[in-house]
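As a plain string of letters, each chain reads:
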Amino acid sequence: MRGVRARVAAVLVALLTVLPGAPAASALPAEQPGEVESVTPLPPEQWLPGTGEANRVSYWSTGLGDRPALVSGAVYLPQGAPPAAGWPVLSWAHGTTGLGDACAPSATVGSPRDTEFLAAWLAKGYAIVATDYAGLGTPGVHPYLDGKVEAYGVIDMVRAARTVAPALSAHWASIGQSQGGHAALFTANLATEYAPELDFRGAVGHGVPSNLAGLVSVLGPSVPPSLLSPGMTMLVSYILAGLHAARPDFDLASYLTPLGTQVVADAEVLCNTDMAERLEGIGLGELFTRQLGTEFKQAWGEIFDVPTTGYDRPVFIAQGTEDKTVYPFLTQRLVDDLAANQQPHTYRSYPADHSGTLAAALPDTTQFVRELFTPAAQHSPPLR
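All figures in this text were calculated on a predicted structure; none of them were measured in a lab.

**Let's talk about the overall build of the protein**
And then number 1: Along the protein, the regular secondary structure elements total 12 helices and 9 strands.
And then number 2: Residue burial in the protein is summarised as follows: out of 384 residues, 54% are buried.
And then number 3: The contacts in the protein between residues at least 6 apart in sequence include a share of 79% that link residues at least 24 apart.

**A few points about helix 9 (residues 293-304)**
And then number 1: Helix length check: helix 9 (12 residues) gives 16 Å between terminal C-alpha atoms against 16 Å at 1.5 Å per residue, within 8%.
And then number 2: By the burial criterion, the buried members of helix 9 are Phe296, Ala299, Trp300, Gly301, Ile303 and Phe304.

**Considerations on the side chain of histidine 142**
And then number 1: In this structure, histidine 142 sits in the loop between strand 5 (127-131) and helix 3 (147-164).
And then number 2: Exposure remark for histidine 142: the relative accessible area of 1% places this residue in the buried category.
And then number 3: Within polar-contact distance, the side chain of histidine 142 engages the backbone oxygen of alanine 134 at 2.9 Å.
And then number 4: Among the polar contacts listed, one links the side chain of histidine 142 to the side chain of glutamine 179, at a separation of 3.0 Å.

**Quick notes on the packing of helix 3 against helix 4 (residues 179-194)**
And then number 1: Interaxial distance between helix 3 and helix 4 falls to 7 Å at its minimum, and their mutual angle equals 65°. Overall, the two elements helix 3 and helix 4 adopt an arrangement that is roughly perpendicular. Considering the relative orientation of helix 3 and helix 4, their crossing is right-handed. For the pair helix 3 and helix 4, the contacting residues are Gly147, Lys148, Glu150, Ala151, Tyr152, Val154, Ile155, Asp156 and Arg159 in the first and Gln179, His182, Ala183, Phe186, Thr187, Leu190, Ala191 and Tyr194 in the second.
And then number 2: Looking at the contact of helix 3 with helix 4 residue by residue, the class counts come to 9 nonpolar, 4 polar and 4 charged.

**A closer look at the confidence of the model for the protein**
And then number 1: On average, residues of the protein score 89 in pLDDT, and 88% of them reach the 70 mark or higher.
And then number 2: Below pLDDT 50 for its whole length, residues 1-29 participates in 16 contacts with residues either more than four positions away or in separate chains.
And then number 3: Under a pLDDT of 50 for its full length, residues 379-384 has, in the predicted model, 14 contacts with residues more than four places off or in other chains.

**Thoughts on helix 10 (residues 328-340)**
And then number 1: Under the 1.5 Å per step criterion, the end-to-end length of helix 10 is 18 Å for 13 residues, consistent within 8% with the ideal 18 Å.
And then number 2: Among all positions of helix 10, only Leu330, Thr331, Leu334, Val335 and Leu338 are buried. All buried residues of helix 10 fall inside an arc of 140° around its axis, so they share one side.
And then number 3: Tucked inside the fold, the buried residues of helix 10 contact helix 4, helix 5 (212-216), strand 8 (315-320) and strand 9 (345-350).

**So, the sheet that holds strand 9**
And then number 1: The 9 strands lie next to each other as 1-2-3-5-4-6-7-8-9, forming an open sheet whose pairing is mixed. With partners counted over all chains shown, the strands left at the sheet margins are strand 1 (36-41) and strand 9, one partner each. Taking each pair of neighbouring strands and ignoring which way they run, the sheet shows an average axis angle of 20°.
And then number 2: The pairing of strand 7 (residues 199-206) with strand 8 spans 4 bridges and is parallel. Bridge pairing links valine 204 to phenylalanine 316 in strand 8.
And then number 3: Against the sheet, helix 2 (residues 112-123) makes contact with strand 2 (51-62), strand 3 (68-78), strand 4 (87-93), strand 5, strand 6 (168-177) and strand 7, and its axis sits at roughly 160° relative to strand 4, the strand it touches most.
And then number 4: Against the sheet, helix 11 (residues 357-372) contacts strand 4, strand 6, strand 7, strand 8 and strand 9, and its axis sits at roughly 165° relative to strand 7.

**Considerations on the packing of helix 2 against helix 11**
And then number 1: Two numbers describe how helix 2 lies on helix 11: the axes approach to 11 Å, and their chain directions differ by 20°. In terms of their interaxial angle, helix 2 and helix 11 are classed as roughly parallel. For helix 2 against helix 11, the interelement crossing comes out right-handed. Of helix 11, the residues touching helix 2 (which contributes Arg113, Asp114, Phe117, Ala120 and Trp121) are Leu358, Leu362, Thr365, Thr366 and Val369.
And then number 2: Class assignment of the residues belonging to the contact of helix 2 with helix 11 gives a composition of 6 nonpolar, 2 polar and 2 charged.

**A closer look at the pairing of strand 7**
And then number 1: Most of strand 7 sits out of view: 8 of its 8 residues are buried.
And then number 2: Two elements, strand 6 and strand 7, share 6 bridges in a ladder whose sense is parallel. Residue pairing across strands places serine 174 opposite alanine 203, the latter belonging to strand 7.
And then number 3: With helix 4 bridging strand 6 and its parallel neighbour strand 7, the resulting β-α-β unit is right-handed.

Reading the values: the criteria
- Residues numbered from 1 in each chain as written.
- Predicted model: local features only at pLDDT ≥ 70, side-chain atom pairs only at ≥ 80, totals over all residues.
- Heavy atoms only, no water.
- Helix = DSSP H or I, 4+ residues; strand = E, 2+ residues; numbered from the N terminus.
- Buried < 20%, exposed > 50% of the residue type's maximum accessible area, 1.4 Å probe, protein only.
- Contact = heavy atoms within 4.5 Å.
- Expected span 1.5 Å × (residues − 1).
- Polar contact = N/O pair within 3.5 Å; in protein donor to acceptor, adjacent residues only side chain to side chain.
- Axes fitted to C-alpha atoms, helices over the stretch in contact; angles between N-to-C directions.
- Parallel < 35°, antiparallel > 145°, perpendicular 65-115°, else oblique.
- Left-handed = near helix turned anticlockwise from the far one by under 90°.
- Nonpolar A, V, L, I, M, F, W, Y, C, P; charged D, E, K, R; others polar.
- pLDDT = per-residue confidence, 0-100.
- Arc of directions from axis to C-beta.
- Pairing = 2+ DSSP bridges.
- Right-handed = clockwise from strand over helix to strand, strands pointing away.

Here is the structure:
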């Protein structure tokens, strides 16, 4: 597809150079969000149980600085014939896998937790489309927890998937875990304006990171090693690397020791397991020369802070009471803000840890999503 586009562009450029009064070649449109770049079949070992067809897709989205970004992902169709209106679509936003290209979910076999979870939705007749996010498996460093870039990837995955699989409905919802829960809420905040041609119904977020800017900004050389769990320590290392990618103008280097500089560089390329090993025996305070402080909080908060207004579709937030990665009191603050701003949300907590919340919430989220796809929901006016 790219070869065809390149040849067409070359012809247009040639014509523009000889036509009087023609616009400059730089005025030609860039790659459009959702435009498909390539499609390849997924190997059988990467199929979800109950898959009828699965493909890896690379497509264009909106990346850092609102510039075109090439993103990869996967499309899983249920077995059997689609409904008359097409398969309803769930755009899955995955949890933290790491920042390196090798961490892209569409290039690996999924974890048992995610595989079982997504297979349950596939069995209920939903097509699963799953972005890798910008910079995972494609050029550039992944801007970890940059909410808008994540959401654009989630939304444009639906656009691309409907090109690849015409049997998909325009009706869709987003569902995510951890980093993906963060992406799902940003998706709910942006989807109807960013992709008005699609029928977005709502979103589900499990273990949604929020209100971390204030917590992380107190970190510095004196932080006690026992203050944060190992999972949170790895999260902080990815946060630093993500900020470096998203805000290269921010002077992150001045906050880091030589060890911290190396850890952030490693975080840009290592996946979860290897990053956890990299951090063994390292105290978080060893990474910093000074407190992260107010300037860091402002810089990172601009890309990270979950919106608490502007939702025009319902969201469901699931939180584990035993979660040691996304602390329940931070999620409660998010929920309180959504309630104060009269945003359309449902909140449930479960006796589960960060990973276990997916399965624990499944009976409730199944009902929530089913109601999103009812005919009444299709015709309901925007809630904004």
